Amino acid sequence: MTGSNKTIGRRGLLKGGVALGAAGLAAPTFFDSRAYAASDGGYLNAPTGKTVTLGFNVPQTGPYADEGADELRAYKLAVEHLNGGGDGGMMNTFSSKALKGNGILGKKVEYVTGDTQTKSDAARASAKSMIEKDGAVMITGGSSSGVAIAVQGLCQEAGVIFMAGLTHSNDTTGKDKKANGFRHFFNGYMSGAALAPVLEKMYGKDRKAYHLTADYTWGWTQQESIQQATEGKGWETVNNVLTPLATTDFSSYVAPVVNSGADVLVLNHYGGNMVNSLTSAVQFGLRDKEVNGKNFEIVVPLYSRLMARGAGENVKGIFGSTNWHWSLEDEGSKAFVKSFGEKYGFPPSQAAHTVYCQTLLYADACERAGTFNPCGVGEALEGFFFFGLGNGPTIYRAEDHQCFKDVLVVKGKENPSSEFDLLEVVQVTPMSQVWYEPDHAMFAGGDLGKCNPGA
Amino acid sequence: MLGLNRNDTLLLIFVAIITLAAPILMNPFPTESSLAQFNAGYPDLMQRFVIFGIFAIGYNILFGLTGYLSFGHAAFLGAGSYACVWMFKLFGYNVLPGIVLSVIVAGIFSVAIGYISLRRSGIYFSILTLAFAQMSFALAYSVLGQDMWGLKGGLTNGETGLQVYSNDPQIFHSEAAPNLPHLFGVPMRETWIWEYGAWQFQFNAGFYLCAIIMLVVFYLSMRIFRSPFGLMLRAVKTNQNRLNYTGVNTKPYTLAAFVISGMYAGLAGGLLSAMDPLAGAERMQWTASGEVVLMTILGGAGTLIGPVLGAGMIKYFENIFSKINKGILEGWFSFLPESVADPIVSVLYLFTGSGWHLTLGLVFMLVVIFLPGGLVGGLIGAGRRLFRRGGGKAAKNTQPTPTSQAAE
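Fair warning: this is a prediction, and the values are worked out from it, not measured in the lab. (Residues numbered from 1 in each chain as written. Chains lettered and ligands numbered in written order. Predicted model: local features only at pLDDT ≥ 70, side-chain atom pairs only at ≥ 80, totals over all residues.)

## A closer look at the overall build of chain A
Thinking step 1. Broken down by element type, chain A carries 13 helices and 18 strands.
Thinking step 2. In terms of overall dimensions, chain A is globule-like: its C-alpha atoms have a radius of gyration of 25 Å, near the 23 Å expected for 455 residues.
Thinking step 3. Across its three principal directions, the C-alpha atoms of chain A cover 90 × 65 × 40 Å.
Thinking step 4. In chain A, which comprises 455 residues, the proportion classed as buried is 56%.
Thinking step 5. Partitioning the intrachain contacts of chain A with sequence separation of at least 6 by distance along the chain shows that 72% fall at a separation of at least 24. (Helix = DSSP H or I, 4+ residues; strand = E, 2+ residues; numbered from the N terminus. Rg over C-alpha atoms; globule rule 2.2 N^0.38 Å. Buried ≥ 20, exposed ≤ 12 C-beta atoms within 10 Å, placed from the backbone. Contact = placed C-beta atoms within 7 Å.)

Structure (structure tokens):
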């Protein structure tokens, strides 16, 4: 209230603003409310030009940056193959022949990339910018379950398809499942179901297990799965100790194992965590110990080649499970390893494999549905049965959008021939053995909801 | 006007115009042009600009005025976020109760943490706040994220982040109301798109809600800066011992500043959840606390508008530079022969994509070394040099206060 001349100045300013706005409106323009747009095909970000944009949202910084980098390589390879470049990779061995190498539905595939930083918030911000700014019609990626679940929820709200990357938690297709989200990767329950019989065969029925578990959603669900599966085989669980995710020195967690009376140590850790905890356990001489008249054993339920490389010598002879391994001899795997190897000079990781498959599966579903509309694509994926993508016969279950396929039980190789040849496949566990019903207790409480086309 | 002097009124009007016209100003490049990569005018990023602007404005009330360097403000941001999502879960998707509760919860939280931390000053205060924030983070990430009291996922849902499920009570939710955050029926996600020639501008309901709230709290912070209370806070920064010797009890003032800035942080957290109904524990991590310190220093601690500029700058780097991948760089330099383009691309790629932290680090270093007063200090300096005659007077108000470092 300093003086009336100021108020007038402000009024003049407002008037000017209104005049400017009016001038802008008078020009040939149109307003369009995104939430109710019907003119562009009835769904969000319907591609109108000659191209279609996919969003690759992977960790480029943070603890899972290695996996993220490998995923990005696979995405680029998949885009190349979809657009008719390269040797076509697994498109040639894929059981569905809808893809013709001319993009998706005749539109050239383009992509945008983002950094999830392995944080739910950053991942959602990145995915939102892809949807809002770049017009992405599908988001894919993720190298940890928390991020995958967060981004899956966002895609459900926004109305685009989410094709999950590496996410192993039961929750992704359990209590957090969403109609717009699909997962090709296996999960904690499947790891348990595949591993337990092998462990029983190798180590016997009478074992006492001690669990060290990464203290977050994925760690808990995997620990629960492994405990249940091994107890079903007669094992006893002595203790389960939660370790904070940021732990780097595990010696204080490993020391009590020695006197606990346990004769098996289960490490529910991933990435750098697993490398450190395993190294710690080996340094304590656990593997040379004899407890209850039996050799002390270590198990790492979720294995990856990148982790095996980090842990070096220590992984020799240690059992675990994995979604896929490049040494598989089927046609699909051979084709994929060949085209990946020719482009980048080394074999792909399981993270690379799953995201490559997801991209192909999405593109194929669009072709079969004849649209990019998330509801149409979702329908085409639900209950879809296929083979030739490296995992044998696979089905995308309609009830929870989880892929069911064979699970590999692997062992650290005793005599690796190269820095990539670190794991050997012990057993291919058939799909029927890792099957569960959608209302299984570990997966209950979720609701797919209805597919959301975002318009 | 509104109890402000002329220069402050002008600044407020200027900020209001810039903020409300942001959807147009942030999209200077046509949608199809190759420079569209640098456009920032999409709803999510604009929302983040103003929300983190609010966070930094509040932080500046503590750090800029009293010099108390808190490394734990992310705890309040996170507490606000969780409070807001819980309101969604229990009562329904109207954002208003959520935002109000987030401010209250953050206020209570900051009274508790502030009361203890403010017993010390200087580096000890910083460490205490950092410890409390990391404690909150660990609680939210693991302890409170486990199934408890019959709640699946506990209070915070751990690593996954708290979100709304279709089987939540939502007792005030009606069939007519949109099934996503809304303000009396207007969804926060609602976006009007205005095509003007080759340009495309997005006017988002959520952004305008945040923008108006930011203008209100910006005005509030102006009043605090110019009040006797603000003067007292500056006195604390200049020499707290002298104040104590003259018989002034500074504790109530610093605690008030701490709580006010905590409530600002809670408001920002509530708005984050209102725009995107998921609250993750990382919002409480020390990196988030560090970010707001960077924002404030980058923009100019103790200045009114500086923190907002700093917040915008950091969010811009995080969201725009991180998306420039190798393919895009190669596209830019495709006119050059490959032997020339390849080295350029590989050098530039160090600074974009996954290397965006590096670029931000360099900018931060340059600002701290060459513009000790932050961006605002630099702008004022440049303005003075340009308009040597009239500049001195105009700049007086936004001038940073003498920079004596953290309270002794």
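Right, picking up where we left off after that structure.
## Description of the interface of chain A and chain B
Thinking step 1. Listed per partner, the contact involves 46 residues of chain A and 43 residues of chain B.
Thinking step 2. Contributions of two or more residues to the side of chain A that touches chain B are made by α1 (4–26), β1 (29–33), β3 (108–115), α3 (120–132) and α4 (145–158) of chain A.
Thinking step 3. Here the side of chain A that touches chain B takes seven residues from α3 of chain A, the largest share from any one element.
Thinking step 4. For the side of chain A that touches chain B, the residue count by class is 13 nonpolar, 16 polar and 17 charged. (Nonpolar A, V, L, I, M, F, W, Y, C, P; charged D, E, K, R; others polar.)

## Section: the sheet that holds strand β15 (residues 394–396) of chain A
In sheet architecture, strand pairing relies on hydrogen bonds along the backbone and comes in two forms, parallel and antiparallel.
Residue and element names in this part refer to chain A.
Thinking step 1. Spatially, three strands are ordered β14-β15-β16 in an open sheet, and the strand pairing comes out antiparallel. Both edges of this open sheet fall to β14 (385–386) and β16 (403–404), since each of them pairs with a single strand only.
Thinking step 2. As paired strands, β14 and β15 are joined by two bridges and run antiparallel to one another. Across the sheet, residue F386 finds its bridge partner in β15, namely T394. (Pairing = 2+ DSSP bridges.)

## Topic: the sheet that holds strand β5 (residues 161–164) of chain A
All names here are of chain A.
Thinking step 1. Strand order in the open sheet made by the five strands is β3-β2-β4-β5-β6, with parallel pairing throughout. Each end of this open sheet is capped by a strand with a single partner; those strands are β3 and β6 (181–183). With direction set aside, neighbouring strand axes in the sheet form an average angle of 25°.
Thinking step 2. Two strands pair when backbone bridges link them, and strand β2 (residues 51–58) and β3 are joined in this way by eight bridges, in the parallel orientation. From the neighbouring strand, V52 faces β3, where its bridge partner is V109. (Axes fitted to C-alpha atoms, helices over the stretch in contact; angles between N-to-C directions.)

## Regarding the nonpolar core
Thinking step 1. Residues V151, V160, L265, Y356 and L360 of chain A together with F55 and A268 of chain B are the most contacted members of the largest nonpolar core, which totals 232 residues.
Thinking step 2. For this core, the element with the most residues is helix α3 (residues 43–66) of chain B, which contributes 15 residues.
Thinking step 3. Apart from the residues within four sequence positions on either side, A268 of chain B is in contact with I51, F52, I54, F55, L77 and G80 of chain B. (Core = buried A, V, L, I, M, F, W, Y, C linked by C-beta atoms within 7 Å.)

## A closer look at the domain arrangement of chain A
All names here are of chain A.
Thinking step 1. Its domain assignment divides chain A into domain 1 (51–186 + 326–401) and domain 2 (189–322).
Thinking step 2. At the junction of the two partners, domain 1 supplies 14 residues and domain 2 supplies 16 residues.
Thinking step 3. Residue assignment for the side of domain 1 that touches domain 2 shows that the elements contributing at least two residues are α2 (65–82) and α4.
Thinking step 4. When grouped by side-chain class, the residues that make up the side of domain 1 that touches domain 2 number three nonpolar, eight polar and three charged. (Domains from an automatic or database assignment.)

## Topic: the pairing of strand β17 (residues 407–412) of chain A
Residues and elements named next belong to chain A.
Thinking step 1. Burial analysis of β17 places five of its six residues in the buried class, the great majority of the element.
Thinking step 2. Across four bridges, the pairing between strand β13 (residues 319–322) and β17 is antiparallel. Considered in β17, the bridge of F319 is made with K411.
Thinking step 3. Bridge count between β17 and strand β18 (residues 423–429): six bridges; the pairing is antiparallel.

## Some thoughts on the pairing of strand β4 (residues 191–196) of chain B
All names here are of chain B.
Thinking step 1. Relative to strand β5 (residues 199–204), β4 runs antiparallel, the two being bridged by six bridges. Each residue of the ladder has a partner; that of W192, found in β5, is F203.
Thinking step 2. Hairpin connection, β4 to β5: the antiparallel pair is bridged by two residues, and G197 has positive phi, about 60°.

## A closer look at helix α8 (residues 272–283) of chain A
Residue and element names in this part refer to chain A.
Thinking step 1. Its twelve residues place the ends of α8 16 Å apart at the C-alpha level, agreeing with the 16 Å of an ideal helix rising 1.5 Å per residue.
Thinking step 2. Buried residues dominate α8, accounting for nine of its twelve residues.
Thinking step 3. Of all the positions in α8, only N273, M274, V275, N276, S277, L278, S280, A281 and V282 are classed as buried.
Thinking step 4. The secondary structure elements touched by the buried residues of α8 are β7 (208–214), α7 (251–258), β9 (264–268), β12 (297–302) and α9 (305–311).
Thinking step 5. Remark: G285 follows α8 within two positions and exhibits a positive phi of approximately 75°. (Expected span 1.5 Å × (residues − 1).)

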